[in-house]
Structures are given as structure tokens and as C-alpha cells.
There are 2 protein chains.
Amino acid sequence: MTDPTGHEAVPTPPTSAAVARRAGVSRATVSYVFNGQAAGRVGAGAQARVRAAAEELGYVPHAAARSLRAGRGRIVLLAAPADTAPVFGPLFADFLAGFQSALHRLGYTGVLHGAPADAPLDAARAWAELRPAAVLTLHDPPLDASAVDLLKRAGTAAVLTPGPQAPPGAHALLLDQSEAGRRAGAHLLAAGRRRIGVVLPAEPGLAASADPRLAGVRAAAAGHPDAAVHPLDLALTEESAARLVARWPALGLDAVFAYNDAYAMLLMRALQDAGHAIGTGPGRIAVVGADDLLLARLLRPRLTSVRTEAIAPDRLAHLVDTLVRAPSTPPATHRLGTFRVVPRASG
Amino acid sequence: MTDPTGHEAVPTPPTSAAVARRAGVSRATVSYVFNGQAAGRVGAGAQARVRAAAEELGYVPHAAARSLRAGRGRIVLLAAPADTAPVFGPLFADFLAGFQSALHRLGYTGVLHGAPADAPLDAARAWAELRPAAVLTLHDPPLDASAVDLLKRAGTAAVLTPGPQAPPGAHALLLDQSEAGRRAGAHLLAAGRRRIGVVLPAEPGLAASADPRLAGVRAAAAGHPDAAVHPLDLALTEESAARLVARWPALGLDAVFAYNDAYAMLLMRALQDAGHAIGTGPGRIAVVGADDLLLARLLRPRLTSVRTEAIAPDRLAHLVDTLVRAPSTPPATHRLGTFRVVPRASG
DNA sequence: TTGAAAGCGTTACCAG
DNA sequence: CTGGTAACGCTTTCAA
């Protein structure tokens, strides 16, 4: 009943040879019919017989055999560890779906692969087994030079890693988180705020975007000698927010960039519960979130938020296609999106 | 520079033959070393030489060639269209990542594939080309009998589609959304509510879970002759919420099950802005959300929410593994999770 | 302990 | 216009 590997036998799928036999033609003819090369080579009658035979047998070409023969895979590997979603925000799933179907339209198969962040070389080896046409990693730390080298030697036409700079041979994907910080910082400074807190989420995996955001706020503040920037540790729990708010009087901050709308909501609620006034006026604490969720508009006061203007998924898919078709394109940096402040009543 | 397909040449990846040549052994020996069959067959010296040669050349086995030879693929195909994320809630990305890495641990490669919902048979054909060991679809409408048949004839050991009932030969995956409705309805009825509104999101793709939720509330109300259930159309915009609230006095509802926490927040805010009191007391409107996000705890009043107790991703992965190893297992229904009301102040 | 060879399903090439 | 043949990279049986 079971074979030595513990698998039961599964009926062998029909092959092109079976179709050929049934249609009374050669395997090459079947191949032509299934690849649109039939015009001018295969007679109409033979074509019809081939299609009928395939239909009856339930024949479907075998992708592995095809790409083995072609020497080139059509897989685009998207490497994203479990904690990518928070980094890219709640819109990541939408982006992923759009990217996936855009790839499909271009004839690629998108494969999402979890990444063991601790061993980039092992991960690269696992990916290389699939002989992907392209590899996109979205996580930190980015692939190192040896991992990129391994992939390229395995025939991967394009390797894209998070920027700002990529290892030799890889293209950089830049979603410059420090820009989010710069925009938020500039907005608050323009509103006259000088003592600015920046939330650093305690949740793991978010440091990769939180740190550059903090750096961005600092960069914005560098132009204002009287401005001070304070990192604030905060976990996504009410207890953590309460602890932070308890320290608030001692901190003496007049503004806070809260990493994203969820942290902003948490902190704003805790500040309000403690009797602090939120908003743009004097004596109020300015609060800025990020992601510009519906949430931001529903809070009271309405939440000022840094919005990510992400590249359209199909544009990214087209970029990948271009790079795959011209593997010798010199590595460059490609922006994944930019940031913009949506000002509302909270700050 | 470019070949006829518009692709530049990419350096050919090293093959096991190249490794064998470099190590001065046969290709069979290389294969043994890379598949753990080396013990008692290949001498220690030869093993070391093979590994060294592979390292130097950057050799990685070719998954397509391997599975072509093995006759059995290791791909688990997860078919999820763009609008799956809303159906499964914001936790879908986490679930996906966990499922993916659990599969990886079991030796499978998880592939996420967008589903052209309009042509299930075309989708099935595209999937069948990958000769997946298993196919899981998460979308509505589920695969029909002919699509399942095609996949099985292509050697797919296990096909899983959303329940409650699956086509012949396919297993059913049940996340019984009507249970969410029943739980919410029972909760509200037990609290004495009798005129219950149920939000039907206007956003496309959510009807698949919203309709059974409504049915669940109706089922719960069936035991109470004096109870009435009203469907309420609502889009995720403030304008839509304002329109709904304007009709509220005419509706005369004393409770609402708001589909999820986001819709609940939107509606609750609009009701409050219009002067309605939210909560459990008499004269107040009871509001129940779903998903039990952090959001629910931060709203005031705190939001009662229906929480999904989802199956652990690795349990689903193990289920898939089991079914793949025993393809003749009679089709059955497998629960993806259950629902539970988390009562708070809003209702 | 190692090597030779067959075969997985597909497609490109070249005779017929 | 059609069909045979070889080759893609790998695993595995069999023989040395």
C-alpha cells in the first residue's frame, strides 16, 4: 500500500507521450500545439486530435520538465520572514497579492518563502535549488555578498535586496524609512515643536524600520539647534503605554512621532486618560502616526499620519521582468515608495 | 547579446557532473553525498572532496530535476486571491508566514498563487503545471468537481477547499463564519437585545464571510420569537457610516454586530457623534465587533469582539503532510478554527 | 567502494 | 508539414 518513503502510490499523470499516442502523432507535434508553434507546422486535423486527446486524458504540461529543458526558471522568489508584515504595514498583504498576480500576467510564478534571518547563506542555498529567475528579499539584514554570489552562480538573473546599498551584483530596493522620520520631524518642527519623542516599538522585527525613522527625525532636527529628540520604548500593550505616560512629566516632551497609527492610538489614549491634551495648539502634545489607516481619521482628535506612497505592485513586477531579461543591467537603486505627511488635528 | 526570447545569456549553473569531475568521482557519488545516502557507500575522503568541490563551484542541487526524477513534487500550493486578506482578517499574513515555515520544516515548498476566481478550471490547469503535492484554496467560490478532478489526475495528492462541503475527492476546510454570527447573536440575545443589526460590508470579497455571519445571527435569533435581525449595508468610509446613522432612529435597533473591529469602530464613532450612547445598559446601543484587535481594547467604551481561535499554522501543515502521505484518506472536513465572544463594555 | 547507464517529461534540431 | 533523436540535471539500480 505504501512505498518505502511512506507515500502511497498516486496515479501517474498523463504525459505528452500519452497524448501523442492517443492522437496518433509524435511527441514533438504535441509540444508544438501546446506552445503556439503549431501554425504552419501542424495540420488542423492533427491539432484538433491533439487537443481532444489532451482534454480526455486531463493532460497538463509539466512545469519542472519544461524549465529543466529550457534551462531557465520562471519563478520569482519573494523572501519575507514572519515579521515582514509589521514592517511593511497592514497593506503588505494587498501589495503581495497585487504583485503576485502582476507576475502571473508576465508569465512568472511568484513564490513566497520564509527567510531564516540568522543564516542568509543557508536561505540562499534553499532558494537557489528552485533556480529562480529573480529573488527579492524584503527583510533585514539584507543578503550578504556571498549569498548574492551563490544565487547568481545558480543562474538567478536578478537579485534585489533592501537598500540603501546592496551587495555587489544585487539591486537595491529602497523604502527609505528615514524619510518617514524626516517628514514627520520637519512637520513637527515647522509647527514649532522642539522636544520631540520618537516611539521605538519593543516588538521584535520592527527595529529595522524604527531605527532609521528615529535617525530621520534626528536629521530633521539637526537644522534646529534648540530641538531635542528622545527615543521612547513602547510595547503594544496598555501597561507599557501607562508606564511611558507616567514618565511623561519628567520628559517634558511637546510632540511625539509614534512609529505607526496603532502605537499612536495606544499612546494617545494613554495620554488622554492621564489628562494630557492632544493637538496642535500651545500646551498640547502633538502626536503623529504613520500608515494613514482609516483609524487615523476616526480617532479624536483626528490623527496626523505619515502616509506611504508605495510603488504600484505591477510596476515592481515589470521592473523584475526587465531585470530578468537583461541580467547584465548594472545594479541600481529602485525606490519602493515615498512618504508624505497627512496633517490632521492631532499634530 | 540577446537570444531569440529576448533574454541575455546567464552563466550556466554548476551541475553535479561538474562537481563530480572536479572531485574526481562519478555523478552517482555526488548524488549520494548530497542525499545522506553516503554512509557505507562513499569513503570519507571522497565525501570531503565532493563537499569541497561543491563549495568551490557554488553547486546547489536542481529542485526541478530532482522532482522530475522522483516523480513527486514537494510544492504545496496555497491559492488565495487578492481579497483573501480581509476575509481572514489582519492576522492572515502572520498565519501565512507560520504556515509557510512549518511546511518548510516538513520539507515542502509553500507557493502562494493568486486565483482568477472567474475561471476555476484555468486556475486549476495553471496550478497543475507545478505538479503540487497539495493544493489549498481559501477563496470562494471553491473549486468545482472538474477542477478537482483535473488536479487529482495531475497527481495532486491532496486538494483542500473551503467548506462546508467540498467537491468529490477534495477535503473541506471549515472556518464556519456562521458560527461567528451565532456567537455574536447568542451573546446579544442573552443580554436582552431583540432588534439586532448586522453590518454587511460593501467592500468586495467580504460577502463570502459576511453572508454566513448574517445567517448565523439569524439562526441564533430563531429561538427568540420576538427577535428581529436587520442587515445593514456599510462601506468603510465616514460618509457611509453617517448615512447609516441618519437612518438609525427609523430602524430602532438596540444592537449591532459590526462584521469586524474596523467597521465597529467606524460605526461606533458615527453613532457617538450623532449623540447615541453605546454600551450594555438600557437605552444604549450594544456594539459587537470581530477579530479582537488591540483596537478593541483601546476604544471607549471598550469593544466587545468575536475572536477567531484559529488552528495553529503548523497543525495545518501537519494535516497537509498527513494527507499527502496517504492520498487515499477519505475526504473529510477539517476545522480551521472556532469563534469566541470576548465581552467588554460596548455590548 | 565506485562507476556506468537508464529514465523522468519536455523541447530544439534536423531529417524525412 | 511531420517525426525521430538528443539533451536538460538528477537519482537509483545494477554491475564491477
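Residues numbered from 1 in each chain as written. Chains lettered and ligands numbered in written order. Predicted model: local features only at pLDDT ≥ 70, side-chain atom pairs only at ≥ 80, totals over all residues. Heavy atoms only, no water.

Chain A appears in an unreviewed UniProt entry as LacI family DNA-binding transcriptional regulator from Streptomyces lunalinharesii.

A separate point is helix 10 (residues 207–221) of chain B. Residues and elements named next belong to chain B. With 15 residues, helix 10 should reach 21 Å at 1.5 Å per residue; the first-to-last C-alpha distance of 21 Å fits that figure. Taken as a whole, helix 10 has its buried residues at Ser209, Ala210, Arg213, Leu214, Gly216, Val217, Ala220 and Ala221. Relative to the axis of helix 10, the buried residues are bounded by an arc of 155° and lie together on one face. (Helix = DSSP H or I, 4+ residues; strand = E, 2+ residues; numbered from the N terminus. Expected span 1.5 Å × (residues − 1). Buried < 20%, exposed > 50% of the residue type's maximum accessible area, 1.4 Å probe, protein only. Arc of directions from axis to C-beta.)

For any pair of aromatic rings, geometry is given as the distance between the ring centres together with the angle between the planes. Residues and elements named next belong to chain A. Summed over the entire model, instances satisfying the criterion amount to four aromatic pairs over all chains. Residues Phe34 and Tyr59 carry aromatic rings whose centres are separated by 5.1 Å and whose planes lie at 85° to one another, so their mutual orientation is edge-to-face. Separated by 25 residues along the polypeptide, Phe34 in helix 2 (residues 27–34) and Tyr59 in the loop between helix 3 (44–57) and helix 4 (63–70) bring together distant segments of the chain. Residue classification places Phe34 among the partly exposed positions, given a relative accessible area of 29%. (Phe/Tyr/Trp six-rings, centres within 6.5 Å; stacked < 30°, edge-to-face > 60°.)

Lining the immediate environment of DNA strand D, one finds 26 residues, of which Val42(A), Gly43(A), Ser16(B), Arg27(B) and Tyr32(B) sit closest. Each atom of DNA strand D within 4 Å of the protein was assigned to sugar, phosphate or base; sugar and phosphate come to 58%. Ser16(B) is positioned such that a nitrogen or oxygen atom in its backbone is 2.5 Å from a phosphate oxygen of DNA strand D. Listing elements by their share of the surface near DNA strand D, those giving two or more residues are helix 2 and helix 4 of chain A together with helix 2 (27–34) and helix 4 (63–70) of chain B. Counting residues per element, the surface near DNA strand D draws most heavily on helix 2 of chain B, which supplies four residues. Among the residues forming the surface near DNA strand D, the class breakdown is 10 nonpolar, 10 polar and six charged. (Near = heavy atom within 4 Å. Polar contact = N/O pair within 3.5 Å; in protein donor to acceptor, adjacent residues only side chain to side chain. Nonpolar A, V, L, I, M, F, W, Y, C, P; charged D, E, K, R; others polar.)

A few words now on the side chain of Ser240(B). All names here are of chain B. Looking at the element boundaries, Ser240 is found in helix 11 (residues 238–246). Assessed through its relative accessible area of 7%, Ser240 is described here as buried. Among the polar contacts listed, one links the side chain of Ser240 to the backbone nitrogen of Ala235, at a separation of 2.8 Å. Those residues within four positions of Ser240 in sequence are excluded, and the remaining contacts are Leu234 and Ala235. (Contact = heavy atoms within 4.5 Å.)

If you look at the biggest cluster of nonpolar residues, it comprises 159 residues, and the most contacted ones within it are Trp248(A) and Trp248(B). Not counting residues up to four positions away in its chain, the partners in contact with Trp248(A) are Leu232(A), Leu253(A), Val256(A), Leu267(A), Leu271(A), His276(A) and Ile285(A). By size, the runner-up hydrophobic cluster in this structure holds 40 residues, among which are Ile75(A), Trp127(A), Val60(B) and Ala147(B). (Core = buried A, V, L, I, M, F, W, Y, C linked by side-chain atoms within 4.5 Å.)

We now examine the UniProt feature "domain: HTH lacI-type" (unreviewed entry) in chain A. Residues given the UniProt feature "domain: HTH lacI-type" (unreviewed entry) here are residues 14–70 of chain A. Between the first and last C-alpha atoms of residues 14–70 of chain A the distance is 21 Å; the span itself is 67% helix and 0% strand. (UniProt positions renumbered as here; feature names shortened; annotations may be inferred.)

Our next topic: the sheet that holds strand 7 (residues 228–234) of chain A. Residue and element names in this part refer to chain A. Strands sit in the order 7-6-8-9-10-12 across an open sheet of six strands; the sheet is mixed. Edge positions in the sheet fall to strand 7 and strand 12 (337–342), since each of these pairs with one other strand and no more. Going across the sheet, the axis of each strand differs from the next one's by a mean of 20°, ignoring polarity. In this structure, strand 9 (residues 286–290) lies alongside strand 10 (residues 304–310), joined through three bridges in parallel fashion. (Pairing = 2+ DSSP bridges. Axes fitted to C-alpha atoms, helices over the stretch in contact; angles between N-to-C directions.)

Expressed as a screw transformation, the operator carrying chain B onto chain A has a rotation angle of 180° and an axial translation of 0.0 Å, and the superposed copies differ by an RMSD of 0.2 Å. Such a combination of turn and shift is consistent with a two-fold rotation axis. Most of the interface of chain B is mirrored in chain A, where 100% of its interface residues are also at the interface. (Least-squares fit on C-alpha atoms with pLDDT ≥ 70 in both.)

This next bit is on the packing of helix 1 (residues 16–23) of chain B against helix 3 (residues 44–57) of chain B. Residue and element names in this part refer to chain B. At a closest axis distance of 8 Å, the pairing of helix 1 and helix 3 adopts a crossing angle of 125°. Our classification of the angle between helix 1 and helix 3 gives oblique. The two elements helix 1 and helix 3 meet at a crossing, and its hand is right-handed. Along the contact surface, helix 1 presents Ala18, Val19, Arg22 and Ala23, while helix 3 presents Arg49, Val50, Ala53, Ala54, Glu56 and Leu57. Split into classes, the residues belonging to the contact of helix 1 with helix 3 amount to seven nonpolar, no polar and three charged. (Parallel < 35°, antiparallel > 145°, perpendicular 65-115°, else oblique. Left-handed = near helix turned anticlockwise from the far one by under 90°.)

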